[in-house]
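Observations on the model geometry
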Amino acid sequence: ALRYGRDDGVATVAVEAGISTVVLVVEDDGFGVPETLLPRLGERFFRVPGSRRDGSGLGLAIVRQIAERHGATIEFSRTGSGGLRVRIQFAASIDDDH
């Protein structure tokens, strides 16, 4: 989020724990991604046209694969200010010993 956002940008990380789910949310106040391209985020080697930073297009693909291996769902959206919001929802693990 910090690398691909705007210079001096802010990234926010939050964890929301519920009874049956745990949600990790990462948001930035950067340039965002056009709505039409949000479904492509997480594809291997996909880079948003006009990206200002170098990269291979693998970061979000790796995040998506890790989330899926843990049975989590991942959603990409825009924040109210136009930045990127990544929301990963995991099923809460219930441990009878704790």
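Residues numbered from 1 in each chain as written. Predicted model: local features only at pLDDT ≥ 70, side-chain atom pairs only at ≥ 80, totals over all residues. Heavy atoms only, no water.

1. Notes on the overall build of the protein chain
Let me state the cut-off plainly: Only DSSP runs of H or I covering at least 4 residues are called helices, and only runs of E covering at least 2 are called strands; the numbering of each starts at the N terminus. Summary of the burial criterion: residues with accessible area below 20% of their type's maximum are buried, those above 50% are exposed, and those between are partly exposed, where the area comes from a 1.4 Å probe applied to protein chains only. Whether two residues touch is decided by their heavy atoms; if any such pair falls within 4.5 Å, the residues are in contact. Under the convention used here, a 1.4 Å probe and the Shrake-Rupley method define accessible areas, while residue burial counts only the protein chains that appear. The charge count treats Lys and Arg as positive and Asp and Glu as negative. His and the chain ends do not count. By convention, the point assigned to a charge is CZ for Arg, NZ for Lys, CD for Glu and CG for Asp.
Counting secondary structure elements, the protein chain contains one helix and four strands. Along the protein chain, helices (α) and strands (β) appear in the sequence β-β-α-β-β when read from the amino end. The burial tally for the protein chain puts 26% of its 98 residues in the buried class. A separation threshold of at least 6 residues defines the contact pool for the protein chain, and within that pool the share at least 24 residues apart is 47%. A total of about 6,800 Å² of accessible surface is found on the protein chain, and carbon and sulfur atoms cover 52% of it. Within the protein chain, the 14 negative side-chain charges are centred at a point lying 10 Å from the centre of the 12 positive side-chain charges.

2. As for the nonpolar core
Inclusion rule: By nonpolar core is meant a set of buried Ala, Val, Leu, Ile, Met, Phe, Trp, Tyr and Cys residues that side-chain atoms within 4.5 Å join together.
With 13 residues, the main nonpolar core has Val33, Leu41, Phe76 and Leu84 as its most contacted residues. Elements with a minimum of two residues in this core: β3 (73-78) and β4 (84-91). Among the elements that line this core, the one with the most residues is β4, at three residues. Among all residues touching Leu84, those that are not within four sequence positions of it are Val26, Glu27, Asp28, Gly32, Val33, Leu38, Leu41, Phe76, Ser77 and Thr79.

3. As for the side chain of Arg87
Note the threshold: One side-chain nitrogen of Lys or Arg within 4 Å of one carboxyl oxygen of Asp or Glu is enough to make a salt bridge. The definition of a polar contact used here is a pair of N or O atoms within 3.5 Å, where within protein one atom must be able to donate a hydrogen and the other to accept one, and adjacent residues in sequence count solely through side-chain atom pairs.
Looking at the secondary structure, you find Arg87 in strand β4. Within the buried set, Arg87 has no salt-bridge partner at all; the shortest N-O distance to an opposite charge, 4.0 Å, is to Glu75. Side chain to side chain, Arg87 and Gln89 meet in a polar contact 3.0 Å long. Excluding residues within four positions of it along the chain, Arg87 makes contact with Val23, Leu24, Val25, Thr73, Ile74 and Glu75.

4. Here's the deal with the side chain of Thr79
Checked against the element boundaries, Thr79 lands in the loop between β3 and β4. Within the structure, Thr79 has its side chain in polar contact with the backbone nitrogen of Gly83 (distance 2.8 Å). Beyond its immediate sequence surroundings of up to four residues, Thr79 is in contact with Glu27, Asp28, Leu84 and Arg85.

5. Looking at unusual backbone geometry
Backbone geometry places Asp8, a non-glycine residue, at a positive phi of 60 degrees. Residue class for Asp8 comes out exposed when judged on its relative accessible area of 76%. Positive phi is not limited to glycine here, since Phe45 has a value of about 70 degrees. As for its placement among the helices and strands, Phe45 is situated in the loop between β2 (21-28) and α1 (59-69). For Phe45, a relative accessible area of 53% corresponds to the exposed category.

So, to be careful, I would describe these as geometric facts and stop short of saying anything about function.
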